[in-house]
Amino acid sequence: MTRRHRVESLLEEYGYPVEVRTADTVQQVCAVIQPLGYRNRDYPERVQRPEGIYETSHFLYIGPLSCRLDQLADPVVLSQGREYSVRSAQVKELAGEMLYLWAVLQRQAVSSP
């Protein structure tokens, strides 16, 4: 079993169902989405936050290479009743083998009916 297949198996077992939509397609995959951790560094223009506080507007996405967010036009990610836009995405490799897709998602505001 290759590293990529191991990662895909882990995503299938521990990831959540995710729907990725574009204007033309809808794909169903299993992925992990979690809040981005806040790094507490001394930036003069930023307000300091205690360690362990998470940003609530941006999220880390780890998903399979079968759904290449980096190659889709304006993809929307839906999971657990939440909608996200893709801010950036790239393939992560180890020893020259493509393993998974890493992305930063931004949570979309909930529209009122």
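Quick look at the structure, then.

## What about the overall build of the protein chain?
Along the backbone of the protein chain there are one helix and six strands. Put simply, the protein chain runs from its N terminus to its C terminus through helices and strands in the order α-β-β-β-β-β-β. Buried residues in the protein chain amount to 26% of all 113 residues. In the protein chain, 55% of the contacts between residues at least 6 apart in sequence involve partners at least 24 apart. When the accessible surface of the protein chain is totalled, it reaches about 7800 Å², and 49% of it is carbon and sulfur.

## With respect to the nonpolar core
If you look at the biggest cluster of nonpolar residues, it comprises 16 residues, and the most contacted ones within it are Val 18, Ile 33, Tyr 61, Leu 69, Val 77, Leu 101 and Leu 105. Elements with a minimum of two residues in this core: β1 (16-21), β2 (26-37), β3 (54-63), β5 (82-94) and β6 (97-107). Not counting residues up to four positions away in its chain, the partners in contact with Leu 105 are Ile 33, Ser 57, His 58, Phe 59, Tyr 61, Val 77, Tyr 84, Ser 85, Val 86 and Arg 87.

## Focus: the pattern of salt bridges
If you walk through the whole model with that rule in mind, you get four salt bridges. As a salt-bridge pair, Arg 3 and Glu 97 come within 3.7 Å of each other at their nearest N and O atoms. Placement of Arg 3 in helix α1 (residues 3-14) and of Glu 97 in strand β6 is noted, with a sequence separation of 94 residues between them. Under the relative-accessibility criterion, Arg 3 is labelled partly exposed at 39%. The class for Glu 97 is partly exposed, based on a relative accessible area of 21%.

## Re the environment of Gln 108
Note that Gln 108 resides in the segment after β6. Residues contacting Gln 108, with those up to four places away along its chain left out, are Glu 83, Tyr 84 and Ser 85. Among the polar contacts made by the side chain of Gln 108, one reaches the main-chain carbonyl oxygen of Gln 106 at a distance of 3.1 Å.

## Some points on the packing of aromatic side chains
What characterises a pair of aromatic rings is the spacing of the ring centres plus the angle enclosed by the ring planes. Within the structure shown, the criterion is met by one aromatic pair. Taking 5.2 Å as the distance between ring centres and 65 degrees as the angle between the ring planes, the aromatic pair formed by Phe 59 and Tyr 84 counts as edge-to-face. Linking Phe 59 in strand β3 with Tyr 84 in strand β5, this pair joins segments that are 25 residues apart in sequence. What makes Tyr 84 buried here is its relative accessible area of 3%. Residue placement shows Lys 92 over the ring face of Trp 102; its charged tip is 5.1 Å from the ring centre.

## Describing the side chain of Thr 22
Along the polypeptide, Thr 22 turns up in the loop between β1 and β2. Exposure remark for Thr 22: the relative accessible area of 19% places this residue in the buried category. Side chain to side chain, Thr 22 and Thr 25 meet in a polar contact 2.8 Å long. The residues contacting Thr 22, other than those within four sequence positions of it, are Leu 72, Ala 73 and Pro 75.

Rules and cut-offs
Residues numbered from 1 in each chain as written. Predicted model: local features only at pLDDT ≥ 70, side-chain atom pairs only at ≥ 80, totals over all residues. Heavy atoms only, no water. Helix = DSSP H or I, 4+ residues; strand = E, 2+ residues; numbered from the N terminus. Buried < 20%, exposed > 50% of the residue type's maximum accessible area, 1.4 Å probe, protein only. Contact = heavy atoms within 4.5 Å. Areas by Shrake-Rupley, 256 points an atom, 1.4 Å probe, with all protein chains shown as cover. Core = buried A, V, L, I, M, F, W, Y, C linked by side-chain atoms within 4.5 Å. Salt bridge = Lys/Arg side-chain N within 4 Å of Asp/Glu carboxyl O. Polar contact = N/O pair within 3.5 Å; in protein donor to acceptor, adjacent residues only side chain to side chain. Phe/Tyr/Trp six-rings, centres within 6.5 Å; stacked < 30°, edge-to-face > 60°. Lys NZ or Arg CZ within 6 Å of the ring centre and 35° of its normal.

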